[in-house]
Amino acid sequence: NAGVTQTPKFQVLKTGQSMTLQCAQDMNHNSMYWYRQDPGMGLRLIYYSASEGTTDKGEVPNGYNVSRLNKREFSLRLESAAPSQTSVYFCASSGGTGGYGYTFGSGTRLTVV
Amino acid sequence: DAKTTQPTSMDCAEGRAANLPCNHSTISGNEYVYWYRQIHSQGPQYIIHGLKNNETNEMASLIITEDRKSSTLILPHATLRDTAVYYCIVRTANTGNQFYFGTGTSLTVIP
């Protein structure tokens, strides 16, 4: 089925470790986004890529880096994980014109101990 | 992007219509109203969007006031599976523009 695929689904890291969250979409969408959601909170935008080759900071970019590898893939990297980065991470994509919305992935649940 | 205001929580009896309000008094002329929902930590799911006219699809109806300062999402016959957090968001139609989510309305459908 067409959509947004995130890997891994679950991850436990020790403080200071690094990892990359992967996201891929097969809908030929131009724009891709990374959000985090802390318990009981709404989603907050970390980084986004309006089109292939561009990336921009969102509301909470500190501690993260991103790479728009190609039109399909948008990865999120934690260089030195901290307990404050324990969260659920969602990737989304959007495309088309006329007010199209987002398609979200199922999320990556990250715990930093 | 304009900000939105939603009630924190609402209850609705199963089988009845659920009416979820949203205020967006500072909305600009080129900003759409979008509704998403999130069921128990899954990825948010698109429901419906509109600019100025009322909209209806297989999931819900969206009623936008004439001055566009508020809107209501209507789930015509709520089921237990509609229990979720519902987010009202306004933004322009440009595909590069990002959504900013608030904390939404937690809807509980009661048997």
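Refer to the structure presented above.
Residues numbered from 1 in each chain as written. Chains lettered and ligands numbered in written order. Predicted model: local features only at pLDDT ≥ 70, side-chain atom pairs only at ≥ 80, totals over all residues. Heavy atoms only, no water.

(A) Spotlight on the state of the cysteines. Scanning the model with the defined rule gives two disulfides over all chains in all. The disulfide partner of Cys-23 of chain A is Cys-91 of chain A, and the gap between their sulfur atoms is 1.8 Å. Measuring handedness by torsion sign, the sulfur bridge of Cys-23 of chain A and Cys-91 of chain A sits at about -75° and is left-handed. Residue Cys-23 of chain A is found in strand S3 (residues 19–25), and its partner Cys-91 of chain A is found in strand S9 (residues 87–94); the two are separated by 68 residues along the sequence. A relative accessible area of 3% places Cys-23 of chain A in the buried class. Overall, Cys-91 of chain A belongs to the buried group, its relative accessible area being 0%. A sulfur-sulfur distance of 2.1 Å marks the disulfide that ties Cys-22 of chain B to Cys-88 of chain B. As the torsion about the S-S bond is roughly -80°, the Cys-22 of chain B-Cys-88 of chain B disulfide counts as left-handed. Pair noted here: Cys-22 of chain B is in strand S2 (residues 18–23) and Cys-88 of chain B is in strand S8 (residues 84–92), with a separation of 66 residues, a long-range link. (Disulfide = S-S within 2.5 Å. Helix = DSSP H or I, 4+ residues; strand = E, 2+ residues; numbered from the N terminus. Buried < 20%, exposed > 50% of the residue type's maximum accessible area, 1.4 Å probe, protein only.)

(B) Up close: the sheet that holds strand S7 (residues 70–75) of chain B. All names here are of chain B. If you trace the four strands from one edge of the open sheet to the other, you get S2-S7-S6-S5, paired in antiparallel fashion. Every interior strand has two partners, whereas the edge strands, S2 and strand S5 (55–56), have only one. Here two bridges tie S5 to strand S6 (residues 61–64), and the two strands are oriented antiparallel to one another. Among the inter-strand pairings, Glu-55 is bridged to a residue of S6, identified as Leu-62. (Pairing = 2+ DSSP bridges.)

(C) Structural context of the layout of surface pockets. As a volume, the largest pocket reaches approximately 310 Å³. Surrounding the largest pocket, 15 residues form its lining, Gln-37, Gly-40 and Met-41 of chain A together with Gln-38 and Val-85 of chain B being those nearest its centre. A per-element tally of the lining of the largest pocket places S8 of chain B first, with three residues. Partitioned by chemical class, the residues of the lining of the largest pocket number seven nonpolar, seven polar and one charged. (1 Å grid on protein atoms, 1.4 Å probe; cavity = no way out; pocket = protein on both sides within 12 Å on 5 of 7 lines; lining within 4 Å. Points joined across faces, edges and corners; volume = space filled by probe spheres on them. Nonpolar A, V, L, I, M, F, W, Y, C, P; charged D, E, K, R; others polar.)

(D) Summary view of the nonpolar core. Core analysis: the largest hydrophobic core is formed by 21 residues, its most contacted members being Trp-35, Leu-73, Tyr-86 and Leu-107 of chain B. Ranked by residues supplied to this core, first place goes to S8 of chain B with four residues. Residues within four places of Tyr-86 of chain B in sequence aside, it is in contact with Gln-6, Leu-20, Trp-35, Tyr-36, Arg-37, Ile-47, Leu-73, Leu-75, Gly-104, Thr-105 and Leu-107 of chain B. Among the nonpolar cores identified, the runner-up in size contains 19 residues, and Leu-13, Leu-21, Tyr-64 and Tyr-89 of chain A belong to it. (Core = buried A, V, L, I, M, F, W, Y, C linked by side-chain atoms within 4.5 Å. Contact = heavy atoms within 4.5 Å.)

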